[in-house]
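# Structural overview for review
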Amino acid sequence: MTTPLLLETSAVAKAFGAVVALRAVDLRVRPGEVHALLGANGAGKSTLVKILTGVLRADAGAIAIHGRPVALRRPADAQGHGLAPVFQDPAMAPDLSVAENLRLTRVDVPAVRRHLSDMDLGQLDLGEQVRDVPLPFLRMLDLARALAFDPQLLVLDEITAALPPDLSERVFAVMRRWKERDRAVLFISHRLAEVRAHCDMCTVLRDGRDVASFVPAEGGEGQIVAAMLGEAATVVREEARTRSATAVDVGDTALLEARNIGAGRHLEDVSLAVRAGEVLGLAALEGQGQDVLFDVLSGNRKADRGELVVDGVTVKAHHPFDVIRRGVVLVPSDRLQALLPQRSIRENIAAPLFNRVTRWGPINGREEGRRIDEAVQRLSIDTRAASQVRRLSGGNQQKVTIARWLARGLKVMLLFDPTRGIDVGTKHQVYDLVRALADEGAAIVMFTSELREIGLVCDRSAVLHNGRIVAELPADAGESALLRAAHGLETVPA
Amino acid sequence: MSDVTPIAAATTEESTQVVAEIVRETVRPGWRTRLAEQPALVLAGVLVVLYAVTVWKDDSLLTVNGVRSILLLACPLAVFAASQTLCMLTGGVDLSVAMTANFAAYVAANQSGRGPWIALAMALGVGVGVGAVNGLAVGVFKVNPLIMTIGMASVLLGVVTVGLRGWLAGSTDVLDVVRTVGSGTLIGPLPTNLLVWTGISLVLVLGLRSSGLGRVIYAVGDNQIACRLAGVRVWQVLLAVYVLSGLLAAIGGLLFSGTTGSVGVDQTNSYLLPSVAATVIGGTSILGGTGGYTGTILGALILTVLNRLLLRLEVSEAFRQILYGLIVLALAWSYVRLTGQKVREGGG
Ligand SMILES: Nc1ncnc2c1ncn2[C@@H]1O[C@H](COP(=O)(O)OP(=O)(O)OP(=O)(O)O)[C@@H](O)[C@H]1O
Ligand SMILES: [Mg+2]
C-alpha cells in the first residue's frame with residue numbers, strides 16, 4: 001500500500017463490568033474513502049466511536065492515525081488528531097440555546113454558520129432553545145459543529161436515522177465533499193441502501209469483533225446481512241409484505257379520527273382516519289408539521305383548531321393521559337423523551353402501568369415479570385445491561401420505547417419512525433409486530449422517514465406537505481411517487 | 001466465570017498490561033465492580049469502622065446505654081431523612097421538615113387538653129397540610145422546591161411565633177403517649193421509638209421497591225417528559241411525595257419532643273442539614289432517579305456516630321463543624337466515585 005492509512009485500529013477492546021462491548025476490533029480507513037461501520041444492535045459500533053473520539057478509553061489495543069500511534073485520552077486529543085464525531089444521541093443541553101451550546105464547546109461559530117448555509121440550512125435560528133428544535137435539525141447542527149473542526153476523519157454515528165430523505169441527501173453531499181478533499185468519513189447506519197449507494201468500503205462488527213470487510217456495493221445486501229447477523233441471518237426473510245391474508249375486517253368506524261386539525265405555525269389543516277386493523281403510513285419532508293401532528297394526536301399538545309375523535313368519542317386532551325386511557329399510545333421521535341435512563345428495562349417497560357393513582361398500590365411481581373418478559377422477547381431486546389437503560393445500545397433503547405406499550409395493551413398506536421436505529425434483523429420483527437398488532441385489531445399511524453417502509457408495512461399512505469395532507473396513496477405507490485408528493489409536486493390522486 | 005474473553009495480542013507494552021487487567025476483570029469481577037453493586041455493604045462497613053474508632057475515644061458505646069443513646073438520637077434524624085429521600089428521589093428537597101416538625105410537636109402539646117388522639121391527629125394534620133401546600137406549589141405551579149420549602153420554613157416560623165401570643169398560647173405539656181414512645185425502652189438497648197422507625201423503614205423500603213407509587217417516584221426523578229408521555233401526571237406524584245414528606249416530618253417532630261420531653265419553636269432545626277446529608281451519603285442522587293431508603297438509614301446512623309465521635313474530640317466548636325462538614329463531603333464524594341454514579345453519561 002502506498003498511501004498510509006488515515007486510521008488504523010488494532011485489537012481494540014472495551015468492557016463495561018461484565019458486559020464485553022468490544023473484544024478485538026481492527027479497522028482500516030484510507031484517505032478519500034467513505035467507510036461504513038456496520039453491525040447489529042449492540043455489536044459495539046457506538047462504543048468504538050466513543051473510543052475513537054476520546055470519550056471512552058479502550059481497555060486494550062492500539063490506534064494509529066496517518067501511520068503514527070496516538071493516545072486518545074480526552075475528546076480534545078481526538079480533536080487535535082483531526083477526528084470529529086456526530087454521536088448517536090444529540091449532544092446539546094436542552095435548556096440552553098443552540099448558540100450557547102456552541103459556545104460551550106468552543107467551536108468556531110461563524111464556521112458552523114458557514115457549514116449550515118453550505119447545507120442550505122442558513123435559515124436555522126441559533127438563538128432558539130435546543131428543546132424547541134426538531135430532532136432532525138439538531139442532528140444537522142451536530143453535523144455542522146463537527147464540520148467546523150474541519151476534521152480529517154468525520155465520524156457519523158447513525159446521523160441519517162432521524163433524517164427525512166431531503167436532509168439525508170445533504171449529508172451524503174458532505175460525505176462526497178470530504179472524499180474529494182482526500183479526507184475520510186466513518187459512516188454508521190442501519191439503512192443498507194444508503195450504505196451501498198454511498199460507501200466505498202465497509203467493516204462489519206459482530207459481538208465486538210470485526211468479522212468482514214468488503215466493498216458494500218458488490219455482493220448485494222445479502223452479504224452484508226449475513227456478515228452482520230452470522231447464523232441468525234437465515235431468520236431474515238426476503239422482503240415481502242408481511243400482511244396476513246386473514247386480517248380482521250377493517251371496521252366502518254375509525255378508531256382514531258382527526259378532523260381539520262391545525263396548530264401552531266406548521267400544522268394547517270389535517271384530517272385523517274384510521275380504522276381497526278389498518279396501518280396508515282405518513283410521509284413528509286422535514287418540518288411539514290408531522291411533529292406537531294403527532295403531538296396533537298398523542299394529547300401532548302392542544303390543537304388550535306379541529307377535533308380529535310377516539311373510537312367515536314370526541315376527546316379534549318389536556319394531558320397525554322386523556323388519550324392514553326382510551327388506548328392511544330405514542331412512540332415518540334426522540335427516544336430519550338420516552339426513557340428513564342437510570343432505571344432498569346423492567347421499570348421502563350412497566351412505567352405506563354402506573355399512570356393512575358388507583359395503580360399506586362403494591363405490585364404483583366410475578367404478573368409484571370410475565371408481561372415484561374413477553375414484551376422483551378417479542379422485540380428481542382438485548383438484556384445484558386438491563387439494570388439501567390442508558391447503558392443499552394441505541395437500537396435496544398429504541399425497542400424499549402415500543403415495548404413499554406406492549407406490556408400495557410393498546411387500541412391505537414402512533415409510531416414516529418419506530419425502527420430508527422434498529423438493525424436489519426430486528427426491523428423485520430418490528431414490521432411483523434406492527435402487522436400483528438393491526439391484525440389483533442389495533443389501528444396504527446406510522447410516520448416514517450424511510451419511505452421504503454411504507455410499502456413494507458402500511459395499508460395506505462398519506463403525504464404531508466406544508467401542514468396539509470396533499471396526497472393519499474396506496475401502499476404500493478412506490479418511493480418516487482411518495483417523494484414527488486412530499487415535495488408538493490402534483491400527483492395523480494389515488 | 002462464564003464470560004472469559006480472549007483478547008488478541010495488543011501491540012504496545014502498555015496495553016498488554018491493560019489486557020491482563022481486563023482479562024482479570026472479566027474472569028472475576030474486580031472488588032470495585034462488586035462493591036459498586038453493593039453500596040449498602042460499603043456503607044455498613046463505614047459504619048462499623050466509624051463505630052470502632054468512636055469506641056476507642058468513648059467506650060460507653062459498648063454499653064447498653066451507649067447503644068441506646070445512638071439509636072435514640074438517630075431515630076428522628078432518620079425520619080427527617082426519610083422525607084428528604086422521598087423528595088430527592090423526585091429531584092427535589094424539603095427544607096421545611098424541621099419547622100414542620102416543630103410546629104406539629106407544638107400543636108400536639110398545645111392541644112393535649114383535647115385528649116391524645118385528637119391532639120395527635122391535629123399534629124399529623126399540620127404535616128399533611130404543610131406538605132400539601134408544598135406539593136401543590138412544586139407540582140402544579142412549578143415553584144423550585146428549594147425556594148418553596150425554604151419559604152415555607154420561614155412562613156411556619158412566623159406562624160408559630162405569632163401563634164404563641166394567641167391561639168398557641170397555653171399548655172406545652174407533651175402527651176404521655178408521645179413521651180412513652182419517644183423515651184421508653186423496648187428491651188435491652190432498643191428504645192421504643194425504634195418501633196416507629198422500623199415501621200417507617202419497612203413501608204419505605206418495600207414501597208419504593210414494589211409499589212406503583214414507588215415506581216413513579218423514581219420515574220419522575222429520572223425523566224419528567226417520559227413520565228408525561230407515559231400518561232403519568234407528574235403533579236400528582238409530587239403532591240403525594242410532599243404530603244408524605246410533611247407527614248414524616250410531623251412524626252419526627254413528635255418523636256423528638258417525646259425524647260426531650262419539651263417543645264420549642266426551633267428545637268429540631270439542627271437536624272435539617274444532617275437530614276439532607278444522611279440522604280446524600282446514603283447514595284440517593286440529588287438530581288433524582290436513583291437511591292433508596294436503605295442507604296439513608298445507614299447514612300443517619302453514620303452521622304449520629306460521627307457526631308458522637310466529634311463531641312469527644314477536644315477541639316473548638318467551630319473546628320468541629322468544619323471537620324463534620326469535611327467528613328460528610330468526603331463520604332458523599334467517595335460514594336459517587338465508587339458506584340460510578342454520574343450526573344449524565346455522554347450520548348450513545
Ligand atoms: N456504559 C455502559 N455500561 C454497560 N454496558 C454498556 C455501556 N455502554 C454500552 N454498553 C453495552 O455495550 C454493548 C455495545 O453497545 P454499543 O452502543 O456500542 O452498540 P451499537 O453497535 O452502537 O448498537 P446500536 O446499533 O443499537 O446503536 C451493548 O451490549 C451495550 O449494552
Ligand atoms: Mg450505537
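These figures come from a predicted structure and were not determined experimentally.

The rules behind the values
Residues numbered from 1 in each chain as written. Chains lettered and ligands numbered in written order. Predicted model: local features only at pLDDT ≥ 70, side-chain atom pairs only at ≥ 80, totals over all residues. Heavy atoms only, no water. Helix = DSSP H or I, 4+ residues; strand = E, 2+ residues; numbered from the N terminus. Rg over C-alpha atoms; globule rule 2.2 N^0.38 Å. Buried < 20%, exposed > 50% of the residue type's maximum accessible area, 1.4 Å probe, protein only. Contact = heavy atoms within 4.5 Å. Areas by Shrake-Rupley, 256 points an atom, 1.4 Å probe, with all protein chains shown as cover. Donors = N, O, S within 2.8 Å, 3.2 Å for Na, K, Ca; no water. Near = heavy atom within 4 Å. Polar contact = N/O pair within 3.5 Å; in protein donor to acceptor, adjacent residues only side chain to side chain. pLDDT = per-residue confidence, 0-100. Pairing = 2+ DSSP bridges. Expected span 1.5 Å × (residues − 1). Axes fitted to C-alpha atoms, helices over the stretch in contact; angles between N-to-C directions. Parallel < 35°, antiparallel > 145°, perpendicular 65-115°, else oblique. Left-handed = near helix turned anticlockwise from the far one by under 90°. Nonpolar A, V, L, I, M, F, W, Y, C, P; charged D, E, K, R; others polar. Patch = residues over 30% accessible without salt bridge, like charges linked within 9 Å, V, L, I, M, F, W, Y side chains within 5 Å. Salt bridge = Lys/Arg side-chain N within 4 Å of Asp/Glu carboxyl O. Phe/Tyr/Trp six-rings, centres within 6.5 Å; stacked < 30°, edge-to-face > 60°. Lys NZ or Arg CZ within 6 Å of the ring centre and 35° of its normal. Core = buried A, V, L, I, M, F, W, Y, C linked by side-chain atoms within 4.5 Å.

## As for the overall build of chain A
- For chain A, the count of helices and strands is 16 helices and 20 strands.
- For 494 residues, the compact-globule formula gives about 23 Å, and the C-alpha radius of gyration of chain A, at 23 Å, lands near that figure.
- Scored against the burial criterion, the 494 residues of chain A give a buried share of 58%.
- When contacts within chain A are restricted to residue pairs at least 6 apart in sequence, long-range pairs at least 24 apart make up 68% of them.
- Carbon and sulfur atoms make up 48% of the accessible area of chain A, which amounts to about 19300 Å² in all.

## A word on the coordination of the magnesium ion (ligand 2)
Residue and element names in this part refer to chain A.
- Protein ligation of the magnesium ion (ligand 2) involves Ser46 (OG) and Gln88 (OE1), the donor distances falling in the range 1.9 to 2.1 Å. With a gap of 42 residues between them, Ser46 in helix H1 (residues 45-52) and Gln88 in the loop between strand E6 (83-86) and helix H3 (98-104) connect regions that are remote in the sequence. There is no split in this pair, since Ser46 and Gln88 are both buried.

## A look at the site of ligand 1
- What surrounds ligand 1 is a group of 23 residues, the closest being Lys45, Ser46, Thr47, Ser393 and Gly395 of chain A.
- Ligand 1 sits at the junction of chains A and B, each of which supplies nearby residues.
- The contact in question runs from an oxygen atom of ligand 1 to an N or O atom on the backbone of Arg391 of chain A, over 2.9 Å.
- Calculation on ligand 1 without its partners gives an accessible area of 640 Å², and the protein chains cover 95% of this total.
- Counting only elements with at least two residues in the shell around ligand 1, the list comes to strand E2 (19-29), H1 and helix H13 (394-406) of chain A.
- In terms of residue count, the dominant contributor to the shell around ligand 1 is H1 of chain A (3 residues).

## Side note on the confidence of the model for chain A
- Across chain A, the average pLDDT comes to 89, with 94% of residues at 70 or higher.
- Considering only residues more than four positions removed or in separate chains, one finds that residues 237-248 of chain A, a stretch of pLDDT under 50, has 28 contacts.

## Quick look at the pairing of strand E16 (residues 328-331) of chain A
Residues and elements named next belong to chain A.
- The alternating pattern of E16 places Val328 and Leu330 on one face and Val329 and Val331 on the opposite face, and all of these are buried.
- Where E16 and strand E17 (residues 412-416) come together, 4 bridges link them in parallel fashion. Within the sheet, the bridge partner assigned to Val331 lies in E17 and is Leu415.

## A closer look at helix H6 (residues 116-139) of chain B
All names here are of chain B.
- A rise of 1.5 Å per residue sets the reference length of H6, with its 24 residues, at 34 Å; its end C-alpha atoms lie 34 Å apart and thus fit the reference within 8%.
- All of the buried residues in H6 are Ala119, Leu120, Ala123, Val126, Gly127, Val130, Gly131, Asn134, Gly135, Ala137, Val138 and Gly139.
- Where H6 is buried, its residues contact helix H5 (97-110), helix H7 (145-164), helix H8 (176-183) and helix H12 (234-260).

## Some thoughts on the side chain of Asn102 of chain B
- Of note, Asn102 of chain B is situated in helix H5.
- Only 2.7 Å separates the side chain of Asn102 of chain B from the side chain of Thr268 of chain B, close enough to count as a polar contact.

## A few points about unusual backbone geometry
Residues and elements named next belong to chain A.
- Positive phi, normally seen in glycine, also occurs at Asp182, with a value near 65 degrees.
- Here Asp182 shows up in the loop between helix H6 (165-180) and strand E8 (184-188).
- Phi at Asn260 takes a positive value of approximately 50 degrees, unusual for a residue other than glycine.
- Residue placement: Asn260 occurs in strand E11 (residues 254-263).
- Exposure remark for Asn260: the relative accessible area of 44% places this residue in the partly exposed category.

## Concerning the packing of H5 of chain B against H6 of chain B
All names here are of chain B.
- It is the contact of H5 with H6, at a shortest axis distance of 8 Å, that shows an interaxial angle of 155 degrees. In terms of orientation, H5 lies roughly antiparallel with respect to H6. Crossing handedness for the pair H5 and H6: right-handed. Judged by residue contacts, Thr100, Phe103, Ala104, Val107 and Ala108 of H5 engage Ala119, Met122, Ala123, Val126, Gly127 and Val130 from H6.
- Residue composition of the contact of H5 with H6, by class: 9 nonpolar, 2 polar and no charged.

## Description of the packing of H13 of chain A against helix H14 (residues 424-439) of chain A
All names here are of chain A.
- For the pair H13 and H14, interaxial distance at closest approach is 13 Å and the crossing angle is 25 degrees. In terms of axis orientation, H13 runs roughly parallel to H14. Like other packed secondary-structure pairs, H13 and H14 cross with a definite hand, here left-handed. Where H13 approaches H14, its residues Lys399, Ile402 and Leu406 are matched on the opposing element by Thr426, Val430, Leu433 and Leu437.
- The class makeup of the residues in the contact of H13 with H14 is 5 nonpolar, 1 polar and 1 charged.

## Regarding the environment of Ser480 of chain A
- Along the chain, Ser480 of chain A falls in helix H16 (residues 479-486).
- Each C-alpha atom, one on Ser480 of chain A and one on Leu451 of chain A, is 9.1 Å from the other, the two residues being 29 residues apart in sequence.

## Brief notes about H1 of chain A
All names here are of chain A.
- Most of H1 sits out of view: 8 of its 8 residues are buried.
- All of the buried residues along H1 are Lys45, Ser46, Thr47, Leu48, Val49, Lys50, Ile51 and Leu52.
- Gly54 lies just past H1 and shows a positive phi near 75 degrees.

## Focus: a nonpolar patch on the surface
- A cluster of nonpolar residues, Leu136, Val140, Phe141 and Trp235 of chain B, forms a patch on the protein surface that exposes about 400 Å² of accessible area.
- If you trace the backbone, Val140 of chain B turns up in the loop between H6 and H7.

## Overview of the side chain of Thr160 of chain A
Residue and element names in this part refer to chain A.
- With respect to the helices and strands, the residue Thr160 is situated in the loop between strand E7 (153-157) and H6.
- In this structure Thr160 comes out as buried when scored by relative accessible area, which is 1%.
- Setting aside its immediate chain neighbours within four residues, Thr160 contacts Ser168, Phe172, Phe187, Ser189, Arg191 and Glu194.

## Section: the pattern of salt bridges
All names here are of chain A.
- What the rule picks out here adds up to 35 salt bridges over all chains.
- Arg452 is paired through a salt bridge with Glu450; the nearest N and O atoms lie 3.7 Å apart.
- For Arg452, a relative accessible area of 26% puts it in the partly exposed group.
- Taking the relative accessible area as the measure of exposure, Glu450 reaches 11% and is therefore buried.
- Salt bridges sharing common partners tie together Arg191, Glu194, Lys427, Glu450 and Arg452.

## Overview of the pairing of strand E12 (residues 267-275) of chain A
Residues and elements named next belong to chain A.
- With 6 bridges connecting them, E11 and E12 associate as antiparallel partners. The partner of Ala258 across the bridge, within E12, is Leu272.
- Here E11 hands over to E12 after 3 residues, with Gly264 in that stretch at a positive phi of 60 degrees.

## With respect to the packing of aromatic side chains
- Following the criterion strictly, the structure yields 6 aromatic pairs over all chains and no others.
- Here Phe80 of chain B and Tyr271 of chain B contribute two aromatic rings whose centre-to-centre distance is 5.8 Å and whose plane-to-plane angle is 55 degrees, an arrangement assigned as tilted. Of this pair, Phe80 of chain B sits in helix H4 (residues 64-89) while Tyr271 of chain B sits in the loop between H12 and helix H13 (272-281), and the two are 191 residues apart along the sequence.
- For Tyr271 of chain B, a relative accessible area of 12% gives the class buried.
- Aromatic side chains Phe103 of chain B and Trp167 of chain B sit 6.3 Å apart centroid to centroid with 70 degrees between the ring planes, which places their arrangement in the edge-to-face category. Here Phe103 of chain B is found in helix H5, whereas its partner Trp167 of chain B is found in the loop between H7 and H8, with 64 residues between them in sequence.
- One aromatic cluster in this structure is built from Phe294, Phe416 and Phe447 of chain A.
- The residue whose ring lies beneath Arg233 of chain B is Phe321 of chain A, and the NZ or CZ to ring-centre distance is 3.5 Å.

## A closer look at the nonpolar core
- Counting residues in each nonpolar core, the largest one holds 152 residues, and the members touching the most others are Ile349, Met413 and Ile444 of chain A together with Trp197 and Leu303 of chain B.
- When sequence neighbours within four positions are dropped, the list of residues in contact with Ile444 of chain A reads Val274, Glu278, Val279, Leu280, Met413, Leu415, Val434, Leu437 and Ala438 of chain A.
- Leu38, Val195, Val204 and Met228 of chain A belong to the second-largest nonpolar core, a separate cluster that totals 54 residues.

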